[in-house]
Amino acid sequence: MSNIAHSCGVASSNNAPSLGRCGGFVAERLRDAFHLPARRTSVPEARRRVLAVLHEWGAAEQVRDDAELVVSELFTNAVRHTDSEKVDCELTVLGAFLRVEVTDQGRGGSTPHVQPGSVDKECGRGLFLVGALSESWGVRPDPTGRGRTVWADLAYGSPTAH
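- Looking at an unreviewed UniProt entry, one finds the chain named Histidine kinase-, DNA gyrase B-, and HSP90-like ATPase and attributed to Streptomyces rimosus subsp. rimosus.

Right, dumping it as structure tokens:
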């Protein structure tokens, strides 16, 4: 389910643990990526996948809970606000942070942003929650230039077990 790669930027084969030497110390980077159809029914599947991966990595319960909510909000936005056929999700541990990335295929309206007054609304508070739970977040064009990636960095700390 998970893919572990060198921090030096050299990716290992899928599902294979690897350790690499970077500047005299052993470095390890945890990474998992998946995609699902851009349907409402995929949102709970994305949450389950993220929880399972983070549990496998030994992430603390708070990290799992925060990541579950962030993925749910970002995945829901990609499904609702674009005409994508699929949505990609990637989790990567980068030092003391868990990077959550959700990539759509674009063709949506505007760039994702927090809406004023969204805290009190039933709909539209997702990015406010993402901002509240993450150390930082942002939006960038996806590598193909057609869609966009919304990312969030969550405090991760040291995993308890690999």
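Anyway, onward from the coordinates.
## So, the environment of glycine 131
Moving on, step 1. Following the sequence through the fold, glycine 131 ends up in helix α3 (residues 126–133).
Moving on, step 2. The exposure class of glycine 131 is partly exposed, given its relative accessible area of 29%.
Moving on, step 3. Residues glycine 131 and leucine 154 lie 23 residues apart in sequence; the distance between their C-alpha atoms is 9.8 Å.

## Re helix α1 (residues 42–57)
Moving on, step 1. The end-to-end C-alpha distance of α1, which contains 16 residues, comes to 23 Å, matching closely the 22 Å that a straight helix rising 1.5 Å per residue would cover.
Moving on, step 2. For α1, every residue scored as buried is listed here: Ser42, Val43, Ala46, Val50, Val53, Leu54 and Trp57. Relative to the axis of α1, the buried residues are bounded by an arc of 105 degrees and lie together on one face.
Moving on, step 3. Of the surrounding elements, those touching the buried residues of α1 are β4 (29–37), α2 (61–81), β5 (86–94) and β6 (97–103).
Moving on, step 4. Just past α1, the residue glycine 58 takes up positive phi, approximately 80 degrees.

## A look at the pattern of salt bridges
Moving on, step 1. Evaluation of the coordinates by the stated rule reveals eight salt bridges.
Moving on, step 2. As a salt-bridge pair, arginine 148 and aspartate 104 come within 3.5 Å of each other at their nearest N and O atoms. Of this pair, arginine 148 sits in strand β8 (residues 148–155) while aspartate 104 sits in the loop between β6 and α3, and the two are 44 residues apart along the sequence.
Moving on, step 3. Judged by its relative accessible area of 13%, arginine 148 is buried.
Moving on, step 4. For aspartate 104, a relative accessible area of 5% translates into the label buried.
Moving on, step 5. Within this structure, Arg99, Glu101, Arg140 and Asp153 form a network of salt bridges that share partners.

## A look at the pairing of β5
Moving on, step 1. In this structure, β4 lies alongside β5, joined through seven bridges in antiparallel fashion. Within the sheet, the bridge partner assigned to leucine 36 lies in β5 and is valine 87.
Moving on, step 2. With seven bridges joining them, β5 and β6 adopt antiparallel strand pairing. What sits directly across from aspartate 88, in β6, is threonine 103.
Moving on, step 3. In sequence, β5 turns back onto β6 through a hairpin of two residues, with glycine 95 there showing a positive phi of about 65 degrees.

Analysis parameters
Residues numbered from 1 in each chain as written. Predicted model: local features only at pLDDT ≥ 70, side-chain atom pairs only at ≥ 80, totals over all residues. Heavy atoms only, no water. Helix = DSSP H or I, 4+ residues; strand = E, 2+ residues; numbered from the N terminus. Buried < 20%, exposed > 50% of the residue type's maximum accessible area, 1.4 Å probe, protein only. Expected span 1.5 Å × (residues − 1). Arc of directions from axis to C-beta. Contact = heavy atoms within 4.5 Å. Salt bridge = Lys/Arg side-chain N within 4 Å of Asp/Glu carboxyl O. Pairing = 2+ DSSP bridges.

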